[in-house]
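Structure assessment
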Amino acid sequence: MTGFLDNVLNGLALGAVYALVALGFVVMFKASGVLNFAHGSILLLGGYLIAVLHDDLGFAGALAVAVLTTAALAGALDRFLLQRAGQDEQSAHIQTIATIGIDILIFTDLARRIGGDLLTLGDPWGDSVTELGPVTVADSRLAAIVVSTVVIGAVFALFRFTSWGLSLRAAAEDLEAAALMGVRLRRVRALAWCLAGALAALAAVFLAAFPAPGLERTTGQIALHAFPAAILGGLTSPVGALAGSLLIGLTEALVVGYESDLHVLGDGFGEVAPYAVMLLVLLVRPTGLFGGKGAARV
């Protein structure tokens, strides 16, 4: 029973981190109709900046620089590169393909810099753990749940109570109608991409923190486990992204925790479990758990 509780708590923490990444996918897609396949490399960039700057600036200072840098980079990529292709549905497909090339460029440079090293981010939790009754959990896992909850709550407040959130929802419903109503689509898009970039840098902290060995060049690929979480939620639903992330996080943690009992599925099945869950759900609900009839099919 203790092992099950350990796995559930780890799954919730992992799901909370995935939610930061999946929410970025959803925000960008709602604002632009573009699936940003470079999101994992932007996350890796944020983690790399924290790793190389925390000795000089401290963890908080390095995190601030990383968040601002990834936000600015994501916004600049959209504003000065992708938006040049236009803002209609056909252009969105072209822009999605372009993000694959962007991902290759960013990842290749970061992989060269990181090499085979494991980089520490200097986070304040280190390898400390806390005992919660019969369960022992890493402080970084608890911090991931708390920080992600606060940040995601703040993002949902932006959606609900700000003019930018209203403009984003309007643009997601009908780009042409939103433009006719005076919504500044370029600004809405750029801010959405900036927000997604900032969330990615924050997620990098917890993906590299203990019990993970540190930041490595594959960390950005691990973050892409949040992609099926966004698909599961319907791709246009922030609530769906949160629900899908928790489902993916719990599934991955439970599969890894009971891997010895699931040997018939093969070693390393935990790596593909998120995508297996995504496929199973999409067989029943092609538009995702929270996708409506008007949502784009995934």
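Residues numbered from 1 in each chain as written. Predicted model: local features only at pLDDT ≥ 70, side-chain atom pairs only at ≥ 80, totals over all residues. Heavy atoms only, no water.

**A look at the environment of Pro 274**
So the rule is basically this: Runs of H or I in DSSP of at least four residues are treated as helices and runs of E of at least two as strands, each being numbered from the N terminus. Here a residue-residue contact requires only that any non-hydrogen atoms of the pair lie within 4.5 Å.
Assignment of secondary structure puts Pro 274 in helix 11 (residues 269-284). Taking the C-alpha atoms as reference, Pro 274 lies 22 Å from Ser 140; in sequence the two are 134 residues apart. Setting aside chain neighbours within four positions, we find Pro 274 in contact with His 225, Pro 228, Ile 248 and Glu 252.

**Here we look at empty space enclosed by the protein**
Rules: Points on a 1 Å grid over protein atoms alone make up a cavity when a 1.4 Å probe fits among them but cannot get out, and a pocket when they form an open set with protein on both sides within 12 Å along at least five of seven lines; lining residues each have an atom within 4 Å of a point. Grid points are joined across faces, edges and corners, and a volume is the space filled by probe spheres set on the points. Each residue receives one of three labels: charged for Asp, Glu, Lys and Arg, nonpolar for Ala, Val, Leu, Ile, Met, Phe, Trp, Tyr, Cys and Pro, and polar for the others, Gly being one of them.
What the rule picks out here adds up to one cavity of 30 Å³ or more. Here the largest cavity is characterised by a volume of approximately 30 Å³. Contributing to the lining of the largest cavity are Ala 13, Val 17, Ser 140, Arg 141, Ala 144, Phe 206, Ala 209 and Phe 210. Those elements giving two or more residues to the lining of the largest cavity turn out to be helix 1 (2-32) and helix 4 (139-161). In terms of residue count, helix 4 provides more of the lining of the largest cavity than any other element does, three residues in total. For the lining of the largest cavity, the residue count by class is six nonpolar, one polar and one charged.

**Description of the pattern of salt bridges**
Definition in use: We define a salt bridge as a side-chain nitrogen of Lys or Arg found within 4 Å of a carboxyl oxygen belonging to Asp or Glu. Buried, partly exposed and exposed residues are distinguished by accessible area as a fraction of the type maximum, computed with a 1.4 Å probe on protein chains only: under 20%, between the cut-offs, and over 50%, respectively.
Here the structure, examined in full by the defined rule, presents three salt bridges. For the salt bridge of Arg 189 with Asp 78, the shortest nitrogen-to-oxygen distance reads 2.4 Å. Residue Arg 189 is located in helix 7 (residues 185-208), and its partner Asp 78 is located in helix 2 (residues 39-80); the two are separated by 111 residues in the primary sequence. When sorted by exposure, Arg 189 lands in the same class as Asp 78, which is buried. Among the salt bridges present, the one from Asp 109 reaches Arg 112, with a minimum N-O distance of 2.7 Å. Taken as a pair, Asp 109 and Arg 112 lie in helix 3 (residues 89-114) at a separation of three residues, close to a single helical turn. Taking relative accessible area as the criterion, Asp 109 reaches 30% and is therefore assigned partly exposed.

**Brief notes about the side chain of Lys 30**
Under the convention used in this document: Whenever a nitrogen or oxygen atom comes within 3.5 Å of another N or O atom, the pair is scored as a polar contact, on the condition that within protein one atom can donate a hydrogen and the other can accept it, and that pairs from neighbouring residues in sequence are kept only if both atoms are in side chains.
Within the fold, Lys 30 resides in helix 1. Within the local environment of Lys 30, its side chain forms a polar contact with the backbone oxygen of Thr 236, the two atoms lying 3.3 Å apart. Excluding anything up to four places from it in sequence, Lys 30 contacts Leu 168, Ala 171, Ala 172, Thr 236 and Pro 238.

**Side note on a nonpolar patch on the surface**
What counts, and what does not: Each patch groups residues whose relative accessible area exceeds 30% and which form no salt bridge, using 9 Å between like charges and 5 Å between nonpolar side chains of Val, Leu, Ile, Met, Phe, Trp and Tyr. Each accessible area is a Shrake-Rupley result for a 1.4 Å probe, and residues are judged covered by the shown protein chains and nothing else.
Residues Phe 37, Ile 97, Ile 100 and Ile 104 make up a contiguous nonpolar surface patch of roughly 360 Å² in combined accessible area. With respect to the helices and strands, the residue Ile 97 is situated in helix 3. Taking relative accessible area as the criterion, Ile 97 reaches 58% and is therefore assigned exposed.

Purely geometric numbers; function is a separate question.
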